[in-house]
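What follows is each chain in one-letter form.
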Amino acid sequence: MSDGALVDLLASLAAAALDGLYERAPWAVLASFRACDAVGKQLVVRLAHADGRVISRVDIERWCVDDARGAWAVERALVRLRRVRAIEDADGGGGGGGGHIGNFCLELPPRRE
C-alpha cells in the first residue's frame, strides 16, 4: 500500500540527502508533517514535546491505543514516520513489536506570528 507520492519520494532519498533537505528547507518538514495521517500527526506533536529523545513503544501505545484498530493505526503511523526518517528505532530493532522510538528527526518549524 502506498503512503502517497510525497512520502514515496522522500522515502526514496538517501538518508543523508533527506536529513540535508530537512535541515535546509523547513517547508519539507512541514510537508512531511502534513503527509501524516491523524495518528501520525498526534505522535509527531507528542514526541516533539516529550522529555528526552527516546520514548518506549509501550508509552507510545498508551497515548492512543484503545483496541486492535488503534494498535493497527499506531503501527501504520510509525511505519510511515520511519519511511520519512521522522523517527528511528533507538534500539536498532527496525520496527515491529517492541523497543524504543528515538532520534526524533522531524522538528516542526516555529509558527510565525
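Residues numbered from 1 in each chain as written. Predicted model: local features only at pLDDT ≥ 70, side-chain atom pairs only at ≥ 80, totals over all residues. Heavy atoms only, no water.

Student: Give a detailed account of the overall build of the protein chain, specifying residues and quantitative values.
Tutor: The helix and strand tally for the protein chain stands at 6 helices and 3 strands. Overall, the protein chain shows an N-to-C arrangement of helices and strands of α-α-α-α-β-α-α-β-β. Split into buried and exposed, the 113 residues of the protein chain put 37% on the buried side. Partitioning the contacts of the protein chain with sequence separation of at least 6, the portion at a separation of at least 24 is 53%. (Helix = DSSP H or I, 4+ residues; strand = E, 2+ residues; numbered from the N terminus. Buried < 20%, exposed > 50% of the residue type's maximum accessible area, 1.4 Å probe, protein only. Contact = heavy atoms within 4.5 Å.)

Student: Break down helix H5 (residues 57-64) for me, citing the residues and quoting the values.
Tutor: Buried residues of H5: Arg57, Ile60 and Cys64, and no others. The arc that holds every buried residue of H5, seen down its axis, measures 60°, which confines them to one face. (Arc of directions from axis to C-beta.)

Student: Got a sec to walk through the pattern of salt bridges? Specific residues and values, please.
Tutor: One pass over the full model with this rule turns up 2 salt bridges. Where Asp8 meets Arg83, a salt bridge forms, and the shortest distance between an N and an O atom there is 3.0 Å. Taken as a pair, Asp8 in helix H1 (residues 5-12) and Arg83 in helix H6 (residues 68-83) lie far apart in primary sequence, 75 residues in all. Between Arg85 and Asp19 there is a salt bridge, and its shortest N-O distance comes to 2.9 Å. Note that Arg85 is positioned in the loop between H6 and strand S2 (88-89) and Asp19 in helix H2 (residues 15-24), a separation of 66 residues in sequence. For Asp19, a relative accessible area of 23% gives the class partly exposed. (Salt bridge = Lys/Arg side-chain N within 4 Å of Asp/Glu carboxyl O.)

Student: Which residues make up the nonpolar core, and what values do they have?
Tutor: Side chains of nonpolar character tend, in soluble globular proteins, to be buried together. Tyr22, Val39, Leu43 and Leu81 are the most contacted members of the largest nonpolar core, which totals 26 residues. For this core, the secondary structure elements donating two or more residues are H1, H2, helix H3 (26-34), helix H4 (38-48), H5 and H6. If one sorts the elements of this core by residue count, H6 sits on top with 5 residues. (Core = buried A, V, L, I, M, F, W, Y, C linked by side-chain atoms within 4.5 Å.)

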